[in-house]
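Structure at a glance
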Amino acid sequence: MAVIKRIPVERLRPGMFVSRFELSWFKHPYLTSRLGVLGDHKTIAELKALGIDSVEIDLDRGLDVEEPCQDDWLLHQGEPPKPDNSETAIPSASDPSRTLRFAKKLFTEAVDRTRHVLGGVEDGKPVELEQAKMLIARLIASVKTNESVLRLLCVLKDYDEYTYTHSLNVASMGVLFGNHMGLPDSQLELIGLSGLLHDVGKCLLPKDIVNKPSKLTDAEYEVMKSHTVLGWEYIKDQPGIPVPAALGVLEHHERLDGSGYPRRLKGSNIAGVSRILSVLDVYDALTSDRVYRTRMSPHMALRTIYEKRGGAFPENVLDRFVKCVGLYPPGTVVQLKNGYYAIVTGHDPARPLNPYMTIFRNPDGLPVKPRRVATLRLGLEKSASGYEIARHVEPTEVPPPDLGTLL
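Before going into details, it helps to say that this report is about the structure given with it.

The rules we used
Residues numbered from 1 in each chain as written. Predicted model: local features only at pLDDT ≥ 70, side-chain atom pairs only at ≥ 80, totals over all residues. Heavy atoms only, no water. Salt bridge = Lys/Arg side-chain N within 4 Å of Asp/Glu carboxyl O. Helix = DSSP H or I, 4+ residues; strand = E, 2+ residues; numbered from the N terminus. Buried < 20%, exposed > 50% of the residue type's maximum accessible area, 1.4 Å probe, protein only. Arc of directions from axis to C-beta. Contact = heavy atoms within 4.5 Å. Polar contact = N/O pair within 3.5 Å; in protein donor to acceptor, adjacent residues only side chain to side chain. Phe/Tyr/Trp six-rings, centres within 6.5 Å; stacked < 30°, edge-to-face > 60°. Lys NZ or Arg CZ within 6 Å of the ring centre and 35° of its normal. Disulfide = S-S within 2.5 Å. Core = buried A, V, L, I, M, F, W, Y, C linked by side-chain atoms within 4.5 Å. Pairing = 2+ DSSP bridges.

Digging into the pattern of salt bridges
A side chain with one charge can pair with a side chain of the opposite charge if their charged atoms come near. Using the criterion set out here, one finds 15 salt bridges in the structure. For arginine 263, the salt bridge identified is with glutamate 251, shortest N-O distance 2.9 Å. Here glutamate 251 lies in helix H12 (residues 243-251) and arginine 263 lies in the loop between H12 and helix H13 (272-286), a separation of 12 residues in the sequence. Ionic pairing is found between aspartate 289 and arginine 295, a salt bridge with its closest N-O pair at 3.2 Å. Taken together, the salt bridges that share partners define one network made up of Arg309, Glu315 and Asp319.

Listed below in structure tokens is the structure:
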């Protein structure tokens, strides 16, 4: 077990390993992504400038204070520190319960931030680019520490604010997918930003069409399709918007075989980022509930998209995306060999057939107290008493539970 010590920030020195400190990530996401060994005094000065009073250091991974003291907290404040329940630090992948809590908190904050970034567009204001970059930076920091955070983030939904939630989910999947491909942070930022902005044109359309609770008429559908051109024209000349991100707004409904819109582009005429967004956009749309359509399971959504591999969607992007999300993406409801129903809450690349799962219904379909399946044990034992996955289950058969009920 790691030896953790809380010390005043004044006692920091290069060579220490900072494992945790208290700071809202919206204030400085890049700083929170650089937790680790202090290489020089620059980061220490940043921490002091931001008003951070104390930090936690890991003595197994870095230096101790020069003069060890059994009661470091006494030098800083007159009483022992209170238990920390803020969940501000990105949790380890080995703690699925805390990962879920963190993902839910991050989702709530990130939807608010997305609304702030895009909401002003309805009033004719420019996109809040710096706020968008801060949000993407936090997504990057999360995926670098614990991929499961973004996997869960993509499952969480807010049906009353579908446009914002969808934009956030596409951004999150973009960062997750880019990280899976080993892209540098600069490219992760580009894909994430492109995903966040891809539907900005919908903020410029009549609300009664965007939020219509039934199938659009042919005329209304033509108006809806115009969001790609409207969005592109709105942001293409705004300072700081990368050209690929603007093209992603324009082209995310183009299809490899020329069946898309607005320009019916084919093949390599479609920008690379746009080809990625085309897959992410459809996947999230298929796995989201709408008033006029029940969501598909992640498993069925992948199957539906895969049927158009090499036609509407590029083979290289789709093949890598399937490997990224796994055989049983988080949010998938499965029935186990013993008859119980469980929802997938995590992904282990080393054991694709044994994802993290939580049981929530018995073989008769009745609710039971949620309990996690010992996934690691399943991967090691020859017989797991029926807790292996027998089949995936569609939401129309067994609706997935609210992840908040699994805490």
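A look at helix H14 (residues 298-306)
Buried within H14 are the following residues: Pro298, Ala301, Leu302 and Ile305. One side of H14 holds all its buried residues, which, seen down the axis, span an arc of 100 degrees. Where H14 is buried, its residues contact H13 and helix H15 (315-325).

Concerning the side chain of histidine 252
As for its placement among the helices and strands, histidine 252 is situated in the loop between H12 and H13. In this structure histidine 252 comes out as buried when scored by relative accessible area, which is 0%. Within the local environment of histidine 252, its side chain forms a polar contact with the backbone oxygen of valine 249, the two atoms lying 3.1 Å apart. When neighbours within four sequence positions are excluded, histidine 252 is seen to be in contact with His198, Asp199, His227, Thr228, Ser274, Leu277, Ser278 and Asp281.

Re the packing of aromatic side chains
In this description, a pair of aromatic rings is defined by centroid distance and the angle of the planes. Taken as a whole and judged by the stated rule, the model has 2 aromatic pairs. An angle of 90 degrees between the planes, with centres 5.7 Å apart, marks the rings of phenylalanine 177 and phenylalanine 321 as edge-to-face. One end of the pair, phenylalanine 177, is in helix H7 (residues 162-180); the other, phenylalanine 321, is in helix H15, with 144 residues separating them in the sequence. Assigned by exposure class, phenylalanine 177 and phenylalanine 321 land together as buried. Seen in terms of ring centroids, tyrosine 283 and phenylalanine 321 are 5.2 Å apart; in terms of plane orientation they differ by 80 degrees. Their pairing is edge-to-face. Placement of tyrosine 283 in helix H13 and of phenylalanine 321 in helix H15 is noted, with a sequence separation of 38 residues between them. Residue class for phenylalanine 321 comes out buried when judged on its relative accessible area of 1%. By way of ring pairs, the aromatic residues Phe177, Tyr283 and Phe321 are connected into one cluster. The lysine or arginine in question, lysine 225, covers the ring of tyrosine 261, its NZ or CZ lying 5.1 Å from the ring centre. Looking at arginine 371, its charged tip hangs above the ring of tyrosine 340, at a distance of 5.5 Å from the centre.

Observations regarding the state of the cysteines
If you walk through the whole model with that rule in mind, you get 0 disulfides. For cysteine 324, which is in no disulfide, the shortest distance to another cysteine sulfur is to cysteine 154 and amounts to 8.6 Å.

Re the nonpolar core
If you look at the biggest cluster of nonpolar residues, it comprises 73 residues, and the most contacted ones within it are Leu150, Leu197, Ile235 and Phe321. Not counting the four nearest positions on each side in its chain, leucine 197 is found in contact with Val117, Leu118, Val127, Ile235, Ile241 and Val249.

A short note on the sheet that holds strand E1 (residues 4-8)
With antiparallel pairing, 4 strands are arranged side by side in an open sheet as E1-E4-E2-E3. Looking along the sheet, the strands with just one partner apiece sit at the ends: E1 and strand E3 (36-37).

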